[in-house]
Amino acid sequence: MATSSSLRRLKGIFTGNHRAINQPITSSTPIDRSSQAIVDSFKKSSECPNFRRKFFHYETAVHQLSEAKHFSGIIDIIEHQKQYPDISNEFFVTRLILLYGKVKMYRHARKLFDEMPQLNCPRTVFSFNVLLEAYLKSEIYDKISGLFRELPPKLSIEPDLVSYNTVIKALCKTGSLDSAVYLMDEIENHGIKPNIVTCNTLLTAFHESKRYTEAESLWNMMEKRNIVPDLCSYNIKLNSLVNAKEVSKAVQFFEEIVNKGFKPDTFSYSAMIKMCMRERNLEGAKMLYEKVMQSGSIPDHTMFMMLITIACSARSFDFALHLCKEAMESHKAIDNRLMQRVVDGLVEHSKIENAKELIKLAESYKSFEYELSLPLHN
């Protein structure tokens, strides 16, 4: 059986070595008082130079206002910064541009970029790259290539590798993979050498598009040009093998990752656990889970969901209970239906007290509101 041979191989490895909101909220839009209080407090605090140097204050405030949909408040606090001397510092302004990008307000990001000369702030390839990144974060992928062609000659800016990598990523996101490959060739014509970021972006797109031959050609090109694959490169290929249900090849490739001295990360383990879920291989999943915990990493939401699903399918509800407890302790919310499935399984196996314990624990969980019930048991 493939499952048992895969399990033995795993043991051998370890025992061996939507779209942007770009318009200000109008006066007719009801604004929560607490949201406006954030704006007022932030503007007052901005008077202190030390406050303005700590940019996590900005990120926190913008995130809170975005969650409250108080977009005019975001504009207000960023516009407020123009009165301070920091506004002539390119690094300071680019952080403001990126804040707009993170909340998908790309038009405001562009407006601020265009205003930089009026603010006595230099515009170099650095701020140009940040503008591209703001559009990328806003998921306005189809506009990025146009900006890339339009702005550099107009502003006398020479695009660098970061510029090209951002455009290549945008082209991959729009499905224009051939254009992305062409652009990589163009990089070299400008005397710029592609790096691992360039290659990983294209590797991801090739595998997602199931263009495996081209992915393999790119891998070979990397070796010839001394572009050393990193763990991300290996994870891309590993995940592709798992998605293609190439069990033995995936296990062999995972072994290669370990043998090359890489320490598998959450993405590596998630791919292998996904394979175990498909194979209904509880023992393999348990082994991988133990390795994750031993590595000092914390499973993410997706990994916990897969592991609990495997445990329930194998009717190993004690393990499922353990995973639910670990997930809640790690502040990872589990889908209510899956949690209810664990409760039902515990009751079915006459583990009523364990089921009650899980319900009580879920009720006390502050980060997610569970609605669990104890089923009738004869």
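Look up: the structure comes first, before these words.
Rules behind the numbers
- Residues numbered from 1 in each chain as written.
- Predicted model: local features only at pLDDT ≥ 70, side-chain atom pairs only at ≥ 80, totals over all residues.
- Heavy atoms only, no water.
- Phe/Tyr/Trp six-rings, centres within 6.5 Å; stacked < 30°, edge-to-face > 60°.
- Helix = DSSP H or I, 4+ residues; strand = E, 2+ residues; numbered from the N terminus.
- Buried < 20%, exposed > 50% of the residue type's maximum accessible area, 1.4 Å probe, protein only.
- Lys NZ or Arg CZ within 6 Å of the ring centre and 35° of its normal.
- Contact = heavy atoms within 4.5 Å.
- Salt bridge = Lys/Arg side-chain N within 4 Å of Asp/Glu carboxyl O.

**Student:** Hey, could you run me through the packing of aromatic side chains in this one?
**Tutor:** For any pair of aromatic rings, the description rests on two quantities: the centre-to-centre distance and the angle between the ring planes. Tallying each qualifying case throughout the model produces 17 aromatic pairs. Where Tyr58 meets Phe92, the ring centres are 6.1 Å apart and the plane angle is 90°; that geometry is what we call edge-to-face. Taken together, the residues Tyr58 in helix H4 (residues 56-67) and Phe92 in helix H6 (residues 90-102) connect sequence positions 34 residues apart. Residue Tyr58 is classed as buried on the basis of its relative accessible area of 1%. Judged by relative accessible area, which is 3%, Phe92 ranks as buried. When the ring of Tyr106 is compared with that of Tyr135, the centres are 5.3 Å apart and the planes differ by 65°; the resulting orientation is edge-to-face. With Tyr106 in helix H7 (residues 106-115) and Tyr135 in helix H8 (residues 125-137), this pair connects stretches of sequence that are 29 residues apart. Each member of the aromatic cluster is reached from another via a ring pair, and the members are Phe42, Phe51, Phe55, Tyr58 and Phe92. In this structure, Arg52 is placed above the aromatic ring of Tyr84, and the distance from its NZ or CZ to the ring centre is 4.2 Å.

**Student:** Even after reading the chapter, I still don't get the environment of Ile97, so can you show me in this structure?
**Tutor:** Looking at the element boundaries, Ile97 is found in helix H6. Here Ile97 is in contact with Ala109, Leu112, Phe113, Met116, Val130, Leu131 and Ala134, once residues within four sequence places are set aside.

**Student:** Where do I start with the environment of Ala109 in this structure?
**Tutor:** Residue position: Ala109 is located in helix H7. C-alpha of Ala109 to C-alpha of Ser297: the two residues are 188 residues apart in sequence and 36 Å apart in space. Beyond its immediate stretch of four places on either side in the chain, Ala109 contacts Ile97, Tyr100, Leu131 and Ala134.

**Student:** Where do I start with the pattern of salt bridges in this structure?
**Tutor:** Inspection of the entire model under this criterion finds 23 salt bridges. Its salt-bridge partner being Glu47, residue Lys44 comes within 3.6 Å of it at the nearest N-O pair. The class of Lys44 is exposed, set by a relative accessible area of 56%. For Glu47, a relative accessible area of 46% translates into the label partly exposed. As a salt-bridge pair, Lys154 and Glu150 come within 3.2 Å of each other at their nearest N and O atoms. Taken as a pair, Lys154 and Glu150 lie in helix H9 (residues 141-155) at a separation of four residues, close to a single helical turn. Here the salt bridges share partners, and the residues they tie into one network are Glu79, Lys82, Lys111 and Glu115.

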